[in-house]
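In case you want the letters, here they are:
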Amino acid sequence: METRSVLQLDQAISGDSIADNDRFMDIMKTASLLDRAIAVLRLNDTGVFTKPGPHQYPHQWNWDSALIALGLSYFDLPRAQAEIRSLLSGQWRDGMLPSVVYHSIPSDYFPHPQFWQIENSPNAPAVQTTGITQPPLLATVVRLIHERLAIPEFVAEVYPALLHWHRWLHTDRDADGSGLACIIHPWESGTDDSPRWLHLFEAIHPEALPEFQRGDTRYVAATERPNRTEYERFIYLIDIFRQHNYVSSELLAHSPFLAQDILFNAILFRANEDLRALALNLGESTDEIDLWLRRVRSNFDARFWNENLGLYYDYDRRTGRSIPVNTASTFLPLFAGLPSQEQAQRLIEGHLLNPAEYAPGGEVRHWVTTTAQTEPTWEPRRYWRGPVWVIMNWLILEGLRRYGYNDLAALIREDTMGLIESAGFREYYDPRDASGCGSTDFSWSAALAIELLRHP
Ligand code: GLC
């Protein structure tokens, strides 16, 4: 264990000294991968929360913070707990945990806090946040930390907030009694620019758009970011939500974008398993969680599984149609233990190991592209259209382990660490040549590098 070097580095870069850019650059040139990962988390630490990226993402993002807390827990447990507390400070009165908590950090980020107009909702919290949520990874992270470090008091402290959020997902976001949660905006999927959302966008024609100026192409090349037509729809949807003052029933009835997302629901199912384990630890009843688990287990396949192709497709709840786009989300149910062993085999052998779709071969040299290469929308450098993301690789390799595919999980782990070693802690990577894309010094890439190093 490299405790000494971690502690020394911690002291060296804590407080103001990390603001000293030269010192940070020195660390990034000479230190071990673990120490460099810690340095990135320290660099992005505002004291209250950790930014996902130093320039591109200057506020607190929901599932980023969950993973950041996981990484922090290996070397600074109090700071990991503070990360989770500051995220929960943005929870809405109805239980919704927003995708972004702005806190009071001034920035040039768009959409800025005022753009959301959340003050018109009776459920809005005292702090500034967005009006939408993100994949619910937090309960899983709390359980992972608790299993390693035994933090029963902290679990007791955060459990009610986690339960409240999951209950909101299973009520306010359940459009058809299936137990499957709906998302109302691509940003809620966490895979914002995924080509599977283009199908829903075909029916959405913004009539009038509020005035806005994009900020996301200020620090990152436009060729690695969403196209204008998609971005206009992102904004148009927010404008609709504002007009409905974020009243859940109205959003379910009127949002032109209403999807049941495999990734979101697989993560929610897994998070419910983990929440259940936390409830048992606390001696709380698990009846309500058991009901959610049962409902989703009995509806998941009917909604998402395509028996002919041996993969899962997302679902357009508005039109009642499956979304026929093959993306890496199809592997996420493995993370939740939802597929049978036979389904798992079809997913892995038919798709993940298929070089025409996801496996290295031809121009693709690295695991796991976020979109299958067979899709006409495949683009190896554009946001969620093809590049490799550390988070997706981690979720997939955790799923592979659950089904006993340990060798394949080890291979993907090694490839992921190789990408980080060669290109640094980037937001995503070009699967052809391992070059970095998007934000630099990206927090969850660092946090997951720590997780992969410490818990191989
Ligand atoms: C991008 C990603 C989203 C992430 C955010 C902050 O918007 O698509 O999943 O949470 O960046 O890193």
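The text that follows walks through the structure, step by step, so that each part is easy to find. (Residues numbered from 1 in each chain as written. Predicted model: local features only at pLDDT ≥ 70, side-chain atom pairs only at ≥ 80, totals over all residues. Heavy atoms only, no water.)

What about the overall build of the protein?
From N to C terminus, the protein includes 18 helices and 9 strands. At 21 Å, the protein has a C-alpha radius of gyration in line with the 23 Å of a compact globule built from 456 residues. Judged by the C-alpha coordinates and their principal axes, the protein covers about 55 × 50 × 50 Å. Expressed as a percentage of its 456 residues, the buried residues of the protein come to 63%. Expressed as a percentage of contacts within the protein between residues at least 6 apart in sequence, the contacts between residues at least 24 apart total 71%. When the accessible area of the protein is evaluated, it comes to approximately 16,700 Å², of which 48% is carbon and sulfur surface. A distance of 0 Å separates the average location of the 40 positive side-chain charges in the protein from that of its 59 negative side-chain charges. (Helix = DSSP H or I, 4+ residues; strand = E, 2+ residues; numbered from the N terminus. Rg over C-alpha atoms; globule rule 2.2 N^0.38 Å. Buried < 20%, exposed > 50% of the residue type's maximum accessible area, 1.4 Å probe, protein only. Contact = heavy atoms within 4.5 Å. Areas by Shrake-Rupley, 256 points an atom, 1.4 Å probe, with all protein chains shown as cover. Lys, Arg positive; Asp, Glu negative; His and termini not counted. Charge placed at Lys NZ, Arg CZ, Asp CG, Glu CD.)

Quick look at the pattern of salt bridges
If you walk through the whole model with that rule in mind, you get 30 salt bridges. Arg167 is the salt-bridge partner of Glu288, the closest N and O atoms lying 2.7 Å from each other. Taken together, the residues Glu288 in helix 13 (residues 287-304) and Arg167 in helix 8 (residues 152-171) connect sequence positions 121 residues apart. Relative accessible area serves as the criterion here: at 30%, Glu288 is assigned to the partly exposed category. (Salt bridge = Lys/Arg side-chain N within 4 Å of Asp/Glu carboxyl O.)

Section: the site of the ligand
Around the ligand sit Pro52, Tyr57, Trp61, Trp63, Asp64, Gln134, Gly190, Asp192, Tyr383, Trp384, Phe442 and Trp444, and those are all the residues in its vicinity. A distance of 2.5 Å separates an oxygen atom of the ligand from a polar side-chain atom of Asp64. Contact with the protein chains removes 98% of the 310 Å² of surface that the ligand exposes when unbound. Partitioned by chemical class, the residues of the shell around the ligand number 8 nonpolar, 2 polar and 2 charged. (Near = heavy atom within 4 Å. Polar contact = N/O pair within 3.5 Å; in protein donor to acceptor, adjacent residues only side chain to side chain. Nonpolar A, V, L, I, M, F, W, Y, C, P; charged D, E, K, R; others polar.)

A short note on the sheet that holds strand 7 (residues 321-323)
The 3 strands lie next to each other as 3-6-7, forming an open sheet whose pairing is antiparallel. A single partner strand is all that each edge strand has here, and the edge strands are strand 3 (259-260) and strand 7. Pairing between strand 3 and strand 6 (residues 314-316): 2 bridges, direction antiparallel. Bridge pairing links Ala259 to Asp316 in strand 6. (Pairing = 2+ DSSP bridges.)

Observations concerning the packing of helix 12 (residues 262-282) against helix 13
Helix 13 packs onto helix 12 with a crossing angle of 155° between their chain directions and a minimal axis gap of 10 Å. Taken as axis vectors, helix 12 and helix 13 run roughly antiparallel relative to one another. For the pair helix 12 and helix 13, the sense of crossing is left-handed. Contacts from Ile262, Asn265, Ala266, Phe269, Asn272, Glu273, Leu275, Arg276 and Ala279 of helix 12 reach helix 13 at Ile289, Asp290, Trp292, Leu293, Val296, Arg297, Phe300 and Phe304. Across the contact of helix 12 with helix 13, the residue classes tally to 11 nonpolar, 2 polar and 4 charged. (Axes fitted to C-alpha atoms, helices over the stretch in contact; angles between N-to-C directions. Parallel < 35°, antiparallel > 145°, perpendicular 65-115°, else oblique. Left-handed = near helix turned anticlockwise from the far one by under 90°.)

Focus: the nonpolar core
Membership of the largest hydrophobic core comes to 154 residues, with the highest contact counts inside it found for Leu138, Leu352, Ile391 and Leu400. The contact partners of Leu400, leaving out residues within four places of it in the chain, are Leu334, Ile348, Leu352, Tyr405, Leu408, Ala409 and Ile412. (Core = buried A, V, L, I, M, F, W, Y, C linked by side-chain atoms within 4.5 Å.)

Considerations on the environment of Asp316
Looking at where Asp316 falls in the secondary structure, it is placed in strand 6. Since its relative accessible area comes to 9%, Asp316 is described here as buried. Along the primary structure Asp316 and Gln260 are separated by 56 residues, whereas in three dimensions their C-alpha atoms are 6.4 Å apart. Among all residues touching Asp316, those that are not within four sequence positions of it are Leu200, Leu258, Arg321 and Ile323. Of the polar contacts made by the side chain of Asp316, one reaches the backbone nitrogen of Arg318; its length is 2.9 Å. Among the polar contacts made by the side chain of Asp316, one reaches the side chain of Thr319 at a distance of 3.1 Å.

Observations regarding helix 17 (residues 406-423)
Three- or four-residue spacings in an α-helix give side chains the same orientation, since the helix completes a turn every 3.6 residues. Here helix 17 is 18 residues long and its end C-alpha atoms lie 26 Å apart, about the 26 Å a rise of 1.5 Å per residue gives. Taken as a whole, helix 17 has its buried residues at Leu408, Ala409, Ile412, Arg413, Asp415, Thr416, Met417, Leu419 and Ile420. Along its buried surface, helix 17 packs onto helix 3 (33-43), helix 15 (341-352), helix 16 (390-402), strand 8 (428-429) and helix 18 (443-454). In the segment just after helix 17, Gly424 is the residue with positive phi, at about 90°. (Expected span 1.5 Å × (residues − 1).)

Side note on helix 16
Helix length check: helix 16 (13 residues) gives 18 Å between terminal C-alpha atoms against 18 Å at 1.5 Å per residue, within 8%. The element helix 16 is extensively covered by neighbouring structure, given that 11 of its 13 residues are classed as buried.

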